[in-house]
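# Structural features, examined
The chain contents come next:
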Amino acid sequence: MITIKFIEAFLFGLLSILGVFAIYYSAIIVRVLVKHRKDKAPLTSYFLNPEQASVPYFIYAGIFGFLTGLILMLDYIDGGFTPITPLQYTTFFSGFIFAVLTAFFIVLDIKFWYTRFKRFL
């Protein structure tokens, strides 16, 4: 049987794994931007090819970030940080789920920039 502690550990694990990917992609992006700070080649190449634009994942991350904050506020109002009732469990885990979705879309956005800039290493 799946317990509450297992679900919490699983969601924290997902957030940790997404964080590792985000750190790796961000480090490569920062390295490329620092390496080309004088000629600005990565940004120039991106702006000169508008047909390669894709879905702005950052918008989705903002929406889910807003929903995470809203659920956390509702969780604070109903006292669900130590859940007892089904409503408190619902708001408690909804906050985690929205946080995982937010982190997922942030990693997708960072990966988008990573794929554009990795050829400049």
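Residues numbered from 1 in each chain as written. Predicted model: local features only at pLDDT ≥ 70, side-chain atom pairs only at ≥ 80, totals over all residues. Heavy atoms only, no water.

## Concerning the overall build of the chain
A count of helices and strands for the chain gives four helices and zero strands. When the helices and strands of the chain are read in sequence order from the N terminus, they spell out α-α-α-α. Along the first, second and third principal axes, the C-alpha atoms of the chain reach 60 × 25 × 25 Å. Across the 121 residues of the chain, 31% fall into the buried class. Counted over contacts in the chain with a minimum sequence separation of 6, partners at least 24 positions apart contribute 77%. (Helix = DSSP H or I, 4+ residues; strand = E, 2+ residues; numbered from the N terminus. Buried < 20%, exposed > 50% of the residue type's maximum accessible area, 1.4 Å probe, protein only. Contact = heavy atoms within 4.5 Å.)

## Some remarks on the side chain of Glu8
Assignment of secondary structure puts Glu8 in helix H1 (residues 4–35). By relative accessible area, which is 17% here, Glu8 ends up buried.

## Details of the packing of H1 against helix H4 (residues 86–117)
Close contact between H1 and H4 brings their axes to 9 Å; oriented N to C, the two are set at 20°. When the axis of H1 is compared with that of H4, the two are roughly parallel. Handedness of the crossing formed by H1 with H4: left-handed. Taken together, the residues of the contact of H1 with H4 break down into 28 nonpolar, one polar and two charged. (Axes fitted to C-alpha atoms, helices over the stretch in contact; angles between N-to-C directions. Parallel < 35°, antiparallel > 145°, perpendicular 65-115°, else oblique. Left-handed = near helix turned anticlockwise from the far one by under 90°. Nonpolar A, V, L, I, M, F, W, Y, C, P; charged D, E, K, R; others polar.)

## With respect to the UniProt feature "transmembrane region" (unreviewed entry) in the chain
With numbering aligned to this structure, UniProt lists the feature "transmembrane region" (unreviewed entry) at residues 6–34, 55–77 and 89–114. Secondary structure across residues 6–34 divides into 100% helix and 0% strand, with the first and last C-alpha atoms of the span separated by 42 Å. For the annotated span residues 89–114, helix accounts for 100% and strand for 0% of the residues, and the straight-line distance between the end C-alpha atoms is 37 Å. (UniProt positions renumbered as here; feature names shortened; annotations may be inferred.)

## Let's talk about a nonpolar patch on the surface
Taken together, the side chains of Phe66, Leu70, Leu72, Met73, Leu74, Tyr76, Ile77 and Phe81 present a nonpolar region at the surface, about 860 Å² in accessible area. As for its placement among the helices and strands, Phe81 is situated in the loop between helix H3 (57–77) and H4. (Patch = residues over 30% accessible without salt bridge, like charges linked within 9 Å, V, L, I, M, F, W, Y side chains within 5 Å. Areas by Shrake-Rupley, 256 points an atom, 1.4 Å probe, with all protein chains shown as cover. Salt bridge = Lys/Arg side-chain N within 4 Å of Asp/Glu carboxyl O.)

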